Structure formats: structure tokens, C-alpha cells
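Next come the chains, spelled out residue by residue.
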There are 2 protein chains.
Amino acid sequence: MIVDTLIEKIIEKQNPTCVGLDTALEYLPPDMQNELNAISKNANKSALADARFYHLASQLVYKFNCGIIDKIADIVPAVKVQIAYYEELGHAGVMAFEKTIKYAKKMGMIVITDAKRNDIGATATRYANAFIGRNYETDIIFPRADFPSDFLTVNGYLGSDGITPFVEQCKKHDKGIFVLVKTSNPSSGELQNLKLEDGRTVYECMGDMVERWGEGTHGKYGYSCVGAVVGATYPEEAKVLRARLPHTFFLVPGYGAQGANAEMLKNCFDNNGLGGVVNNSRGVLCAYRKRGGTYDEAARAACLDMRADLQNVLGAICAK
Amino acid sequence: MIVDTLIEKIIEKQNPTCVGLDTALEYLPPDMQNELNAISKNANKSALADARFYHLASQLVYKFNCGIIDKIADIVPAVKVQIAYYEELGHAGVMAFEKTIKYAKKMGMIVITDAKRNDIGATATRYANAFIGRNYETDIIFPRADFPSDFLTVNGYLGSDGITPFVEQCKKHDKGIFVLVKTSNPSSGELQNLKLEDGRTVYECMGDMVERWGEGTHGKYGYSCVGAVVGATYPEEAKVLRARLPHTFFLVPGYGAQGANAEMLKNCFDNNGLGGVVNNSRGVLCAYRKRGGTYDEAARAACLDMRADLQNVLGAICAK
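Residues numbered from 1 in each chain as written. Chains lettered and ligands numbered in written order. Predicted model: local features only at pLDDT ≥ 70, side-chain atom pairs only at ≥ 80, totals over all residues. Heavy atoms only, no water.

*Asks:* Is there a simple way to think about unusual backbone geometry in this case?
*Replies:* When glycine is set aside, most residues are seen to have a negative phi, and most peptide bonds are trans. Residue and element names in this part refer to chain A. The phi dihedral of Q14 falls on the positive side, at around 50 degrees, and the residue is not glycine. With respect to the helices and strands, the residue Q14 is situated in the loop between helix 1 (2-13) and strand 1 (17-20). Of note in this structure, D174 is not a glycine but carries a positive phi near 55 degrees. Secondary-structure assignment places D174 in the loop between helix 7 (160-173) and strand 5 (176-182). (Helix = DSSP H or I, 4+ residues; strand = E, 2+ residues; numbered from the N terminus.)

In C-alpha cells:
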């Protein structure tokens, strides 16, 4: 099961983290920026100049991502690829997204696509087909018409029939999903922390649904194919959820640029240091700005620091 | 303002509907199916055969969509393009999506992209850039690197800072969004109909946030650039929301294949027959199966029937 594979990679590398490939153009290092600037002065002036700009930009983003992946694949178990940064570049960007996730797979990494998809059942099936509808053949990098991810983030506002099509594909193709439960952003509490009549908060209610959606899909470490997104920026809520959802693996955003530190993350993990994977995006992609050197070497150094930071708090990660 | 433009087109055509271009491959008529079948026997056998299949499929979907648009542009004010059906075909499908919305714009239709995007602020900005980040130049059909829509559907589970970036782009580029409030699917009540401690339901609470997000963006008919998705399949909830959200324009799915009839839709509209736009997807795209004839002529006939059906219930639509 893919959640077991993820856990085993985390144990093997003693590193419960993933690197977020939220590759905004402004994160690219100076040499790539220069390449872009050379043609960007013509962008927005004609459709053709525009298309050229976005095609080059997408190629550079892909090249940047490959550089990062090459330097971290031996120490980091997974990448989280945030599709919004690729959609911003139009269909050329979507191609860069597709190539990025295929390259990460080829390099042996687990791929989490962060797309927060959601819709009614018939349409949710289409999203599930697109992202988790097939197994990936590791020998194929040639662009093909799907976005083969190991995990996909989804939004559960529509209830069970918007989630079931994803869970069915998880079972069929050995994939996983992470449902938004308590998100890391400042205003997440506006809806998620409201109290329901029955005493639960909205995020607890969503968490309970997640635990239920995962029933019958538990792997050997006790976690199911239906995980939850739980922001590191809300350690109290994370503590509540960790206790409440014993079979739910957490995808944990918010470390680094969003303000959460390792101590705050502790609540997302069980006593064995398992139960979650922590994402860092900007802190890794832009590490070269603080550290100097090449962007890829700086990214690796940032990943090693993050691992050490978490190890300080979590200790050795082991199987139950 | 775009919401005023939509309303004026609705009044001009006396037709408060949009056609959902949820163009699944299985909806294509027999001659297109035959073209696909001729090469689909090789799909899944190699990456190249696969890519060829999805490229042809995407071309056929675009051709099909153009056929529909050509036949309905004079009687229907808007199309709603559901991006999941295009993502299912990979990056070639995304290109077909992009070309479809540009063609619909060229033919004078309002474009609603149904993508239900959502994320934390920094990332929401990227989605906003992709879909509502620029004005559209009507003379450009050449593929360029964005998905220029007039309206975008979004999911508000993350609260204000996940919505504000969209609203900012709406103000800047004269665009609109529709936030999921009460969705049309069978299990939408699992979360949305739960009662909060303060007596409101979750969908009422989301509706109240929508009304607030739209403040200061009202057009001349009183509606703001922040609309709501309210399923026709829940007429009681629609009635509550119509009264509660006087400045919120509704995008109303659920008519036809999902089971709602014209009488159920009445609650989504104000006394002038304004306040909402009703979507029909399968009932139009697959009309040729029931009616015979070519798919595009059948689609037009289905649109005329739908308009008549709504006129029976709503009467003449007029400005306040």
C-alpha cells in the first residue's frame, strides 16, 4: 500500500518531510531569470510573444525542479507539487507539471499532487481519473495524457459522494488522498473552527468523516489511504486531531515560511514519530538566497537542516 | 461590470441559463466515436499510442464544443466549462479547455470556468492569475498561456484569505467568482446542512461570508462580483439563501440529469426573474440521443426547450 511505502521511505531516510515544488517564476535563480528577462519584454504585446514567454518559463521551471529532485531524492522521501504554480503558466505550465511529477517518480520519490480538487460524484471521478486513475510505469517519461500521482489533496466540502470516487481509485490503483481538515492559513478558523450544535468543531467533524472514508483501507502501520491536511501552524488543533484520528496520516503544511517550527509539529506525530509528513516549499526552493551557492546544493543543505530540526524534536522514527 | 453584462445578456435573450461543456468522450456522437475507436485499440500499449489517443480525443472535444457554441451563441448567454473533463485528458485536454473558452469568448458568450479552485492566499493568487488574472482580447484565439474566464467557481472552506486573492482580481480585471455554498449532490448536506452552535447551518454561514466578500462590488442591478453555487436540487435551501443573500448572484446546477425541474428552480430567482443562471450539461450535450439529428442541432433544440421551460415558471425577465 502506498501509505506503507511512504512510511517505509520515511523510516529508511529518517526524514518525515516532503519538498514542495511550488516553483514560482520569481524563485528561479539569477541565471534563469536572465534567460526569461531576455524575452519577457515582448510578453503581453502579442499572443505569439506571450506563448513563447510561457513556454520558456515552463521549460525553466521543469529544469529547476529536476535540479532540486536530483539533489534531494536520496534524503527526502516525497515531493508535493502544487499545481496552481503551473496552471498560472497555462497549458505549457501544465506540461511542466506533468513532466515534473513523472521525473520525480522516475527518481524514486513519492509524488503528492496538491490540487485540492473537489466536485460532485460524476465529476470527481474525472479528477480521480486524471490524477490517481492509473499506476505509473517508471520507465516512461514521454509526455502522456495524465498526471500520475501517488497522492492527491482534495476538499471535502461536498461530502461523501464527492470523495468516494477518489477512494475507489485509491483502492483500485493503490493511491492515496489527503482531505483538507484544518488548513494552515490565518483565516482557516473562520469556518473550520466554528462549533457545531453537537459540540464538535467543523474541523473535527471533517476529521471524523476522513477517518470513516478510510475504513477498510488500513495498511500494516495502521494508517489508511485517506489522509488529512493538518496545518503545523495550529498545534492545538493538531493535537486534538492526532488523538481523534488514529488511522489518518497527516500531510502537514506550514513549516518555515508560514511560521511553524519543529516544536509545533510534534503534535502531528504519534509516539513512534510516525503519522505525518511535513512540507517545506519556499524554505527549500529559495534556500540559495540565504545560503549562497547553487540553488540545488542550497536546497539539499536546507533539507538536511530540516531533517535535523525535526529529529531533535521527534527522535528516531521507527515502526510500531 | 461582468455580473451586469451577464444579467443584460440574460434579459436580452430572455434566457437565464448556461450550457455546461462537460464534454466527456462518451458524449461524442457516433462519427467522432468511430474516429477515436480507430486508434484507441492501441492506447495503453505504449506511451506514444497513448499520447496520440489523447491528442485526437482532445481535438475532437474541441471540435464538438465549437459545434455546440456555433449553434447556441445567439440564444444562450453563457457557457460553463467544467475543467475536470479536460484534465482527464492530460495536458492535451487542458489545451482543448483553453481553446474552448477562447472560442466561446470570441463568439460573444460569457465564460464560467467550473474549477472549484481553493488554497491558502499565496497559492490562491496563482489560481486567480491563471483564470481571472487578465482581460481577454477578443481577437486572439492563438493558444496563449492562460485560461481567460469571466467567472470562476471556488471553494470557501479555507476562509477569507483563500478568497480575497480572487476578489482582488475580480475588482482589477472586472471578473466574478461563484463560491460553493449549497451544492447539488446527494451528500452535500453531510457538512453543509449541519447546524452550528449559533443556529445557522454551515451553508447559511458560508452564504453570509459570500455576501460579505462581495461588499463594495455591487453592479447596477444590485448583485456583486462574488456569487454563490446553489444547487437546484435543494429548493428549500435555495429559498432560504435567496432571501438571505440579496446581493449574491447564483450559479444553479442540478437541472435535468441531476433531477431538478423548472418549478424547483423558482426559489433561486428574485421577483424579476433575475438573480441566477441555471446550468444544463448532459441534457444539452447528449440531446441528439433523444431527439435524433445532428448533435449541434439537437443541442440548440434542447436549449430552446429549456428556455421555454424556465419562462413558463419565471415569466418575463426584466430589470428592476
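*Asks:* Would you explain helix 1 of chain A in this entry?
*Replies:* The periodicity of an α-helix, 3.6 residues per turn, causes residues three or four positions apart to be oriented the same way. All names here are of chain A. For helix 1, built from twelve residues, the straight-helix expectation of 16 Å at 1.5 Å per residue is met to within 8% by its first-to-last C-alpha distance of 16 Å. Buried within helix 1 are the following residues: I2, V3, D4, L6, I7, K9, I10 and K13. Buried residues in helix 1 make contact with strand 2 (78-82), strand 3 (110-117), strand 4 (151-154), strand 5, strand 8 (276-280) and helix 14 (295-314). Positive phi shows up at Q14, right after helix 1, with a value of about 50 degrees. (Expected span 1.5 Å × (residues − 1). Buried < 20%, exposed > 50% of the residue type's maximum accessible area, 1.4 Å probe, protein only. Contact = heavy atoms within 4.5 Å.)

*Asks:* Would you take a moment to explain the pairing of strand 8 (residues 276-280) of chain B for this structure?
*Replies:* Each regular strand displays side chains that alternate between the two surfaces of the sheet. All names here are of chain B. Most of strand 8 sits out of view: five of its five residues are buried. Covered by surrounding structure in strand 8 are G276, V278 and N280 together with V277 and N279, the residues of both alternating faces. Relative to strand 8, strand 7 (residues 250-252) runs parallel, the two being bridged by three bridges. By the bridge assignment, L251 is partnered in strand 8 with V277. (Pairing = 2+ DSSP bridges.)

*Asks:* Looking at this structure, how should I read the sheet that holds strand 5 of chain A?
*Replies:* Strands in a sheet are paired, the pairing made by backbone hydrogen bonds, and the direction either parallel or antiparallel. Residue and element names in this part refer to chain A. In spatial order, the strands read 1-2-3-4-5-6-7-8; together these eight strands close into a barrel with parallel pairing. If you compare each strand with its neighbour and ignore which way they point, the axes differ by 30 degrees on average. Sheet topology places strand 1 next to strand 2; three bridges connect them, and they run parallel. Paired with G20 across the bridge in strand 2 is K80. Relative to strand 3, helix 5 (residues 90-106) is tilted by about 150 degrees, and along the sheet it contacts strand 2 and strand 3. Helix 7 rests against strand 3, strand 4, strand 5 and strand 6 (226-230) of the sheet, and its axis sits at about 145 degrees to strand 5. (Axes fitted to C-alpha atoms, helices over the stretch in contact; angles between N-to-C directions.)

*Asks:* Explain the sheet that holds strand 2 (residues 78-82) of chain B to me, please; I cannot follow it from the model alone.
*Replies:* Residues and elements named next belong to chain B. Taken together, eight strands build a closed barrel; the order of strands is 1-2-3-4-5-6-7-8 and the barrel is parallel. When the angles between neighbouring strand axes are averaged without regard to direction, this sheet yields 30 degrees. Summarising the sheet, strand 3 (residues 110-117) and strand 4 (residues 151-154) pair through three bridges and their orientation is parallel. Residue T113 lies in a different strand from strand 4, and its bridge partner there is L152. Against the sheet, helix 5 (residues 90-106) touches strand 2 and strand 3, its axis set at about 150 degrees to strand 3.

*Asks:* I keep staring at the pairing of strand 3 of chain A and nothing clicks. Help me out?
*Replies:* All names here are of chain A. Most of strand 3 sits out of view: eight of its eight residues are buried. Of the two faces of strand 3, the one carrying I110, I112, D114 and K116 and the one carrying V111, T113, A115 and R117 are both buried. Relative to strand 3, strand 2 runs parallel, the two being bridged by five bridges. Considered in strand 3, the bridge of A78 is made with I110.

*Asks:* So what exactly am I meant to see when it comes to the pattern of salt bridges here?
*Replies:* Note that side chains of opposite charge can pair when their charged atoms are close. All names here are of chain A. Across all of its chains, the model carries 36 salt bridges over all chains by this definition. R117 is the partner of E87 in a salt bridge, and the nearest nitrogen-oxygen pair spans 2.7 Å. Taken together, the positions of E87 in helix 4 (residues 84-87) and R117 in strand 3 put the pair 30 residues apart, joining distant regions of the chain. With a relative accessible area of 1%, R117 lands in the buried category. Several salt bridges share partner residues, and in doing so they unite D198, R200, E204, D208 and R244 into one network. (Salt bridge = Lys/Arg side-chain N within 4 Å of Asp/Glu carboxyl O.)

*Asks:* Can you walk me through the nonpolar core in this structure?
*Replies:* Among the nonpolar cores identified, the biggest contains 236 residues, and F131(A), I177(A), F131(B) and I177(B) are the most heavily contacted of them. In contact with I177(B), not counting residues within four places along its chain, are I132(B), F151(B), L152(B), V154(B), I163(B), F166(B), V167(B), C170(B), C225(B), V226(B) and G227(B). (Core = buried A, V, L, I, M, F, W, Y, C linked by side-chain atoms within 4.5 Å.)

So, to be careful, I would describe these as geometric facts and stop short of saying anything about function.
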